[in-house]
Amino acid sequence: ANTRHPQAPPPEPQAPGITATLTPEPERLPRTLAIERPSDPDNDPVAAPVQAHNAAPEPANEAPQTADANAVPEQATAQRDPTSTVSASKTSEADTSPSATQPPASAQLSYSVEGQSKGLNYSATSSLDWRNEGSTYNARMEIRVFLLGSRVQTSQGQLAATGLQPERFGDKSRSERAAHFDRSQNRIRFSNNAPDAELLPGAQDRLSVFLQLASLLNARPGAFGAGQNVDIPVAGTSGSEIWRFQMQDLASLDLPAGSLIARHLMREPREPRDTRVDIWLAPSLGHLPVRIRLTQDNGDVIDQRLSALP
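These numbers were taken from a predicted model, which means no experiment stands behind them.

Colleague: Explain the nonpolar core to me, using residue names and the numbers behind them.
Modeller: With 58 residues, the main nonpolar core has F181, I188, V230, F245, L265, V290 and L306 as its most contacted residues. The element best represented in this core is helix α2 (residues 208–219), accounting for 6 residues. For L306, the contacting residues outside a window of four places in its chain are L109, S110, Y111, L255, P256, A257, L260, L285 and V290.

The following block contains the structure:
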């Protein structure tokens, strides 16, 4: 539910690939919501390995990759929520405004991790390896917990005017599950035999979504004010849903890497079992994430904070 402001200011003209409108802030008080249930590892975008370490191996019958590298998502045909602000869909070919996205330059980021699982505190380390190859990209996020192993998420795909176009998303602890983005059929296929999901315009995976947000802010930082929402379809390894991020104000963060100014974005879960995601993107680092905090309704938390400047 949203509170109503007296009058929202007129939206800034949008670039190709974006439609944006200011929306009222939520009327309800913030809820304490969640990272991941052991029965549903797909519910955690970055994945705490302490919960996934003993997961049973998944079937390894992945579908072949048939993604069309040159395909560009068509304009969304489904009816949109009138209060939504941003969706990464294609606009008219005649539109001559600046590019809708600007992916950050390649970088390697290291994080210090503090977490709580089932009432027990733990410390860990994590890293993000982001490779911008001009027309393609590769991203790899790994969280390592001493004596408990690691969990790795990977995303590969194309870079287009609308931003990142994932082709494959992998999520591995002991075994790997994957999602394949089949643009020729507009379907997302899953290696664990979950039903296919529709490939919506601008769809991302649970890792690429953070880099897509950085790409949007790099291209038009003034277009996204506090209180504005950004809607992005996000796929895990067994399904896809719309994630709504609400823009917050710029804030100064005291991190192990030092003090940095960053834009705070918050994903407010729609269902009690969903993950709450708080992410801080630093303009000085191409809006790469300098802090990622995931919160679960049972009190479990994982907080990644940049430990060294790239």
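That was the structure; now back to the text.
Colleague: An account of the environment of P272 is needed here, citing residue identities and associated values.
Modeller: Among the structural elements, P272 can be located in the loop between β12 (258–267) and β13 (276–282). The partly exposed category is assigned to P272, whose relative accessible area is 46%. Residues P272 and Q296, spaced 24 residues apart in sequence, show a C-alpha to C-alpha distance of 9.0 Å.

Colleague: Let's hear about α2: which residues, and what values?
Modeller: Across its 12 residues, α2 extends 17 Å between first and last C-alpha, which sits within 8% of the 16 Å expected from 1.5 Å per residue. Here α2 lies mainly inside the structure; 11 of its 12 residues are buried. Every buried residue of α2 is listed here: S208, V209, F210, L211, Q212, L213, A214, S215, L216, L217 and N218.

Colleague: Before we move on, could you go through the packing of aromatic side chains and cite the residues and values that matter?
Modeller: Scanning all chains against the criterion turns up 2 aromatic pairs. Over the ring of W280 we find R291, and its NZ or CZ is 4.5 Å from the ring centre.

About the cut-offs
- Residues numbered from 1 in each chain as written.
- Predicted model: local features only at pLDDT ≥ 70, side-chain atom pairs only at ≥ 80, totals over all residues.
- Heavy atoms only, no water.
- Core = buried A, V, L, I, M, F, W, Y, C linked by side-chain atoms within 4.5 Å.
- Buried < 20%, exposed > 50% of the residue type's maximum accessible area, 1.4 Å probe, protein only.
- Helix = DSSP H or I, 4+ residues; strand = E, 2+ residues; numbered from the N terminus.
- Contact = heavy atoms within 4.5 Å.
- Expected span 1.5 Å × (residues − 1).
- Phe/Tyr/Trp six-rings, centres within 6.5 Å; stacked < 30°, edge-to-face > 60°.
- Lys NZ or Arg CZ within 6 Å of the ring centre and 35° of its normal.

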